[in-house]
Structure formats: structure tokens, C-alpha cells
Amino acid sequence: MGMSMIKEERHVISILMENEAGALSRVAGLFSARGYNIESLTVAPTEDKSLSRMTLVTCGSNDIVEQILKQLNKLIDVVKVYDLSEDNPIEREMMFIKVSANNMAACGAIKRLVDIFRARIIDVKSRTFTIEVTGDRNKLNAFIAAVEDHNILEVVRSGCMGISRGNSALKI
């Protein structure tokens, strides 16, 4: 008998939780204690100041992610948990990338790439451009690949934010 391959998939998990000290560390602790990796993590208060919304991206088999969801639901601070990946969610990430240009031709090439990717130059200092790019992770990765011939000085990414499409909403 051959071994069956367990398919690892990327999951975007949305967590509505009480805005309490230590809540984030309890979620991170749950992952580290079980050896699960967090690819990205964003968290901020919601319209209800007593609640925060966390968007967490992880990879794993459906069985592992199901276990993660069950464990998250057991945490005292967690109000609701939802795997957005089931609904083809809207995902966005923001990136700041600082690129330096060796000459005027390189400056022009960088500006053209900014236009092509619908990005924005938010700072320019002596042939160093700080660029803001917003989109899904594929767009951000493609932008990095497009400017890699230039001197990339720094990359800062926000991590994934996600929301379900249509009428469904993660609310109490």
C-alpha cells in the first residue's frame, strides 16, 4: 500500500475576540504549543471597542485546520471563529517597499512599474523611492519580482486582511 499525500492548503481564519490584554498571546500560544505555523497575523479593534478582529493565515490539511478551529473556539477570549477560505474571501495586504535607483533610466523604470501595478510612490529622497502597494499576496509578490533588478532596501508587509463576500458577516 502506498502512502497517501495529505494536501496542505492555505487557510485564512477570522477570529472575533474580546479586546483584552493577553488575548493575542493566548492565540499565538495555542499555535506554538501544537507546532502550527502562523504565516501572517493582523489584529485591530472593530466598530465595537470591546471586540477585536484577528485575521490569521496558516497552512495545513483540512483535518489540522479543523482541530485549530476547535481549539480556538475553546479559548475564553474568543467570541467567534470562521475559516474564510471556505467562501473565496476578499483578501488584501499592504506593502511598503523601499527601492533605490542607480540612474535616471532606473528611476523611469521604477515609476513605470508603479503605474503598471497601480501602486503609489509615497516618499522620494535622492533616487530612493518608498512605494505603497495594496492587493492580494500574488500582486505584492509580483511587484517584488518586478523590481528585484533594482536595489531593494527594505520590505514591510501588513499581513493578510480578509472578509467574506456578500451578506455573511462575522458578528455577534
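Our structure is the block above this text.
Remember, it's a predicted structure, so these values are computed and weren't measured experimentally. (Residues numbered from 1 in each chain as written. Predicted model: local features only at pLDDT ≥ 70, side-chain atom pairs only at ≥ 80, totals over all residues. Heavy atoms only, no water.)

**Some words on the layout of surface pockets**
One simple way to see leftover space: roll a probe sized like a water molecule over the atoms. Just so we agree on the cut-off: Here a cavity denotes a set of grid points, spaced 1 Å apart and computed over the protein atoms alone, in which a 1.4 Å probe fits but from which it cannot get out, and a pocket denotes an open set meeting protein on both sides within 12 Å along at least five of seven lines; residues with an atom within 4 Å of a point are reported as lining. Grid points are joined across faces, edges and corners, and a volume is the space filled by probe spheres set on the points. Strands here mean DSSP runs of E at least two residues long; helices mean DSSP runs of H or I at least four residues long; both are numbered from the N terminus. Polar here means any residue outside two lists: the nonpolar Ala, Val, Leu, Ile, Met, Phe, Trp, Tyr, Cys and Pro, and the charged Asp, Glu, Lys and Arg; Gly therefore counts as polar.
Estimates place the volume of the largest pocket at around 220 Å³. Around the largest pocket sit 13 residues that line it, and Leu-16, Glu-47, Arg-53, Leu-170 and Lys-171 are the ones nearest its centre. If you add up the space inside the second largest pocket, you get close to 180 Å³. As for the second largest pocket, its lining consists of Thr-42, Val-43, Ala-44, Arg-53, Thr-55, Met-161, Gly-162 and Ile-163. Broken down by secondary-structure element, the contributors of at least two residues to the lining of the second largest pocket are β2 (40–45), β3 (51–60) and β9 (161–163). Tallied by class, the residues present in the lining of the second largest pocket amount to four nonpolar, three polar and one charged.

**Let's talk about a nonpolar patch on the surface**
For clarity, the threshold we go by: Distance thresholds for patches are 9 Å for like charges and 5 Å for nonpolar side chains (Val, Leu, Ile, Met, Phe, Trp, Tyr), applied to residues having over 30% relative accessible area and no salt bridge. All accessibility values rest on the Shrake-Rupley procedure with a 1.4 Å probe; residue burial counts only the protein chains present in the view. What makes a salt bridge here is a side-chain nitrogen of Lys or Arg within 4 Å of a carboxyl oxygen of Asp or Glu, nothing more. The rule is simple: take the accessible area with a 1.4 Å probe, protein chains only, and divide by the maximum for that residue type; under 20% is buried, over 50% is exposed, in between is partly exposed.
A cluster of nonpolar side chains, contributed by Met-94, Phe-96, Ile-122 and Val-156, occupies part of the molecular surface with about 300 Å² of accessible area. Looking at the element boundaries, Ile-122 is found in strand β6 (residues 120–125). Look at Ile-122 and you get partly exposed, because its relative accessible area is 35%.

**Points about unusual backbone geometry**
The phi torsion at Asn-88 lies on the positive side, around 50 degrees, for a residue other than glycine. Mapping Asn-88 onto the fold places it in the loop between β4 (78–83) and β5 (90–100). Take Asn-88: its relative accessible area is 54%, and that puts it in the exposed class. Positive phi outside glycine occurs at Ser-126, with the angle close to 35 degrees. Here Ser-126 is to be found in the loop between β6 and β7 (128–135).

**Focus on the environment of Lys-74**
Within the element layout of this structure, Lys-74 appears in helix α2 (residues 62–74). Separated by 92 residues in the primary sequence, Lys-74 and Gly-166 have C-alpha atoms spaced 28 Å apart.

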